[in-house]
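Chain and residue survey
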Amino acid sequence: MRILFVDIDTLRPDHMGCYGYERNTTPHMDQVCEEGVRFDHYYCSDAPCLPSRAALVSGMFGIRNGAVGHGGTAADRRFTGAKRGFTDPIDDCNFHNVFRRAGLHTVSVSTFAERHSSYWFDAGFNECYNVGGGGTESGEEVIPVAIDWLERNKAMDNWFLHVHLWDPHTPYRAPASFGNPFENEPAAGWIDEKVLEKHKKHVGPHSINDLNMYDDKTDPAYPRMLGHGDTLDDVKKIFDGYDCGIRYADELVGQLMDTLKAQGIYDDTAIIITSDHGENMGELGIYSEHGTADEATCRIPLIIKWPGGQKGISDEAFHYNVDLVPTAADLLGVARCDSWDGQSFSQAVLTGAADGRTSLVISQMAHVCQRSARFGPWLYIRTYHDGFHLFPKEMLFNIEEDPHEQHDVSSENPQICAQGAKIILDWHDEEMMKSDSQIDPLWTVMAEGGPHHTRGWLEIYLKQLETTGRSEGAEKLKEKYLK
C-alpha cells in the first residue's frame, strides 16, 4: 500500500474551497476531497506547532506527554521514566511507527524536528530529508525532494511519505513570481470599517497595529507580510498574503498529484491532507498568528482519500488530531497501544458512519494559557494568562451564529459557561488520573513566567503601546502585570 501524508502548516479549513471558501485557494486539494472524506469538526488538541505535533505523534494529549509550549520545560516531551525499556514505548507506539508496523517503508520530508529541537518527531521513519531551512523555507525547496524520492522508488509498492509545507505560515512567503491570484477579489467580508476601528484599539501582540508581534515593522525580505494595517485595503493585503501561501502550497501539492498520476498509482494511493493548526485572521483581535485556544487556531482540515473508502462525503462529528493515530491503526490492521488518548473514527472513512465525540477540550500555552471546551454550537474559553491581550477569565461564543468570535455572550449564559467549565474539569481529572506525573504542564508554564512568546517582552510592548496611541491599554497591562 502507498500512503501520501500532506502536512501543510497553518492551514485553516475555512480558507479552502472544499470547505466552502469563496476564493479558489485549493483546486488540487479540492479534487482529493471529492475522492475521499472531509472532516468538518477536526481539531488539534494542543496548539500551536510543537504541541500539536507532539499530541498527534504520541497519540497523547499535551497534559500527558508534557509538550505544551514553545520554550522552557514544557517545550520538551516528558521522560517516560521507570516504564522506559530498552526503547521508549511512546516512540514505539507513535503515529509514524503505526505505518512501519503495517510493513510500510516510512519517509519524511520536513524541517520540523530541527526547527523545534523535537527529534522525537523523526522516530519511526526509515528516511528523513531536511532541506535545512528550519521552517523558513518555501515549498519549492521541499517538493523536488519528495518528487525525487517518488521517482527513485517508483517500483516500491509499500510506503508512507510525509511531506511538510510551511508556505501559509507567517511570514507569508509565496515567491514574488507567483503574483497574487486574488488581487481583484474582495476578502474578509466580516471585517468592515466598524470592526476594523475596534481592532485598532486592541491590546496584544499580532493586533492590526502590531502584526510583527510586538512592533509594526515590515521585513523587506517578506513584502507580502505587513508590519501593521490602517485601512480595509491593508486587511485585504493581509488576507491576500495568507491565501497566496495556501494557493502556492496547493500548486505544489498538485505537482505531487501529477507525479503519482504519471506513475499510474494515483488512484490506488491513500492520501491524507491535514495541518497542525489554523490562524487567527481577525478573530479575538489577532491577525496572522495561531495565538489562542479557539476555533480559528485549533480547528484544522482533515481529508482522507482511502482505497475502498467513502468518496465525496463529509463527517460532522467532533474529532481530535490524537484520534488519527488509532484510526490509522484500525485502517491498517495494526494493534492499538494502551498509551493512546485517541478514539478511532475508521468507520467514518470506510462506511461513512458518524462516530465522534460529544465535546472537546482544546489548549494553547505558547502565546496564551487557555483551555477551551467545544460542544454543540458553543466555544467556552477559560484564560489563565492572556498573552497581554487583556482577555477576561471566561469567554463564550456561539460558533454557529458567530463563527468569527465577535460577540462574547458569557454574561448572558452563565449555565452554559458552567457546562463548559465542567467539561474542562472532568477532562482534566480523567487525564491526570491516567498521567504518570502529578503536574499539569499548564502550571509549569505559568510557574516559569507564562507563555514563551510573552517572556521578556512586556516592557518593550508597553513602549510600543504608548507610542502608538494606546496608552490606556498600557496602563491596564501595567496594573495587571506590574503590581
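Heads up: the structure comes first, above all this text.
Residues numbered from 1 in each chain as written. Predicted model: local features only at pLDDT ≥ 70, side-chain atom pairs only at ≥ 80, totals over all residues. Heavy atoms only, no water.

1. Observations regarding the sheet that holds strand β7 (residues 269-274)
The eight strands are arranged β5-β4-β6-β1-β7-β10-β2-β11 in an open sheet whose pairing can be described as mixed. Each edge of the open sheet carries a strand with a single partner, namely β5 (127-129) and β11 (313-320). Averaged over all neighbouring strand pairs, the angle between strand axes comes to 15 degrees, with direction disregarded. The sheet contact formed by strand β1 (residues 2-8) and β7 spans six bridges and is parallel. Counted as the bridge partner of Asp 7 is Thr 274 from β7. Packing against the sheet, helix α9 (residues 232-262) makes contact with β1, β6 (159-165) and β7, and its axis sits at approximately 170 degrees to β1. (Pairing = 2+ DSSP bridges. Helix = DSSP H or I, 4+ residues; strand = E, 2+ residues; numbered from the N terminus. Axes fitted to C-alpha atoms, helices over the stretch in contact; angles between N-to-C directions. Contact = heavy atoms within 4.5 Å.)

2. Some details on the nonpolar core
Formed by 75 residues in total, the largest nonpolar core has its most connected members in Ile 3, Phe 39, Phe 95, Phe 99, Ile 304 and Leu 324. Ranked by size, the runner-up nonpolar core spans 55 residues in total, among them Leu 4, Phe 182, Met 257 and Ile 271. (Core = buried A, V, L, I, M, F, W, Y, C linked by side-chain atoms within 4.5 Å. Buried < 20%, exposed > 50% of the residue type's maximum accessible area, 1.4 Å probe, protein only.)

3. Things to note about the pattern of salt bridges
Scanning the model with the defined rule gives 30 salt bridges in all. The shortest N-O distance in the salt bridge between Glu 197 and Lys 200 comes to 3.2 Å. Taken together, the residues span about one helical turn, with Glu 197 and Lys 200 both in helix α8 (residues 193-200) at a distance of three residues. Of the residues examined, Lys 200 reaches a relative accessible area of 23% and is grouped as partly exposed. Measuring nitrogen to oxygen at the nearest pair gives 3.2 Å for the salt bridge that ties Lys 434 to Glu 431. Of the two residues, Lys 434 and Glu 431 are both situated in helix α13 (residues 414-434); the distance of three residues between them amounts to about one turn of the helix. One salt-bridge network, held together by shared partners, links Asp 7, Asp 9, Arg 53 and Asp 276. (Salt bridge = Lys/Arg side-chain N within 4 Å of Asp/Glu carboxyl O.)

4. Focus on the sheet that holds strand β3 (residues 46-47)
The mixed open sheet is built from five strands, whose spatial order is β3-β12-β13-β14-β15. Where the open sheet ends on each side, the last strands, each with one partner, are β3 and β15 (394-398). Two elements, β3 and strand β12 (residues 359-364), share two bridges in a ladder whose sense is parallel. Residue pairing in the sheet places Asp 46 in a bridge with Ser 363 of β12.

5. Concerning the packing of helix α1 (residues 27-34) against α9
One can describe the packing of α1 onto α9 by two numbers: an axis separation of 7 Å at closest approach and a directional angle of 55 degrees. One element, α1, and the other, α9, form an angle in the oblique class. Side by side, α1 and α9 meet where Pro 27, His 28, Met 29, Gln 31 and Val 32 of the first sit next to Arg 247, Asp 250, Glu 251, Val 253, Gly 254, Met 257 and Lys 261 of the second. Of the residues that constitute the contact of α1 with α9, the class distribution is five nonpolar, three polar and four charged. (Parallel < 35°, antiparallel > 145°, perpendicular 65-115°, else oblique. Nonpolar A, V, L, I, M, F, W, Y, C, P; charged D, E, K, R; others polar.)

6. Thoughts on the layout of surface pockets
Once rolled over the atoms, a probe with the size of a water molecule shows which space is left empty. Space inside the largest pocket adds up to approximately 670 Å³. Listing elements by their share of the lining of the largest pocket, those giving two or more residues are α8, β15 and α16 (471-481). It is α8 that provides the largest number of residues to the lining of the largest pocket, a total of four residues. Residue composition of the lining of the largest pocket, by class: nine nonpolar, ten polar and ten charged. Computed from the structure, the second largest pocket encloses a volume of approximately 520 Å³. Taken together, 29 residues line the second largest pocket, and the ones lying closest to its centre are Thr 170, Pro 171, His 206, Met 213 and Glu 289. Per-class residue counts for the lining of the second largest pocket are ten nonpolar, 13 polar and six charged. (1 Å grid on protein atoms, 1.4 Å probe; cavity = no way out; pocket = protein on both sides within 12 Å on 5 of 7 lines; lining within 4 Å. Points joined across faces, edges and corners; volume = space filled by probe spheres on them.)

7. Considerations on the environment of Leu 11
Relative to the elements of secondary structure, Leu 11 occurs in the loop between β1 and α1. Here Leu 11 falls in the buried class, since its relative accessible area comes to 0%. Sequence separation between Leu 11 and Glu 279 is 268 residues, and the spatial gap between their C-alpha atoms is 7.1 Å. Those residues within four positions of Leu 11 in sequence are excluded, and the remaining contacts are Met 16, Tyr 242, Ile 246, Ser 275, His 277, Gly 278, Ile 300 and Pro 301.

8. So, the packing of helix α7 (residues 143-152) against α9
Running from N to C, α7 and α9 cross one another at 10 degrees; their axes reach a closest spacing of 10 Å. Looking at the two axes, α7 sits roughly parallel to α9. Mapping the contact onto sequence places Ile 143, Ala 146, Ile 147, Leu 150 and Glu 151 in α7 and Leu 252, Gln 255, Leu 256, Thr 259 and Leu 260 in α9. The residue makeup of the contact of α7 with α9, split by class, is seven nonpolar, two polar and one charged.

9. Remarks on α1
Taken together, the buried positions of α1 are Met 29, Asp 30, Val 32 and Cys 33. Taken around the axis of α1, the buried residues stretch over an arc of 155 degrees, which confines them to a single face. Tucked into the core, α1 has its buried residues touching β1, β2 (37-43), α9, β7 and β10 (302-305). (Arc of directions from axis to C-beta.)

10. Some points on α16
By the burial criterion, the buried members of α16 are Gly 473, Ala 474 and Leu 477. Taken end-on, α16 shows its buried residues confined to a sector of 100 degrees, consistent with a single buried face. Turned more than 90 degrees away from the buried face of α16, the exposed residues are Glu 472 and Glu 479. Elements in contact with the buried residues of α16: α15 (458-467).

11. Thoughts on the pairing of β1
In summary, the side chains of a regular strand alternate between the two faces of the sheet. The element β1 is extensively covered by neighbouring structure, given that seven of its seven residues are classed as buried. Judged by which residues are buried, β1 turns out to be covered on both faces: Arg 2, Leu 4, Val 6 and Ile 8 on one side and Ile 3, Phe 5 and Asp 7 on the other are all buried. Strand direction decides the pairing type here: β1 and β6, joined by seven bridges, are parallel. Across the sheet, residue Leu 4 finds its bridge partner in β6, namely Leu 161.

12. Focus on the side chain of Ser 108
Among the structural elements, Ser 108 can be located in strand β4 (residues 105-109). Owing to a relative accessible area of 2%, Ser 108 belongs among the buried residues under this scheme. Those residues in contact with Ser 108, other than ones at most four positions away along the chain, are Phe 121, Phe 125, Glu 127, Cys 128, Tyr 129 and His 162.

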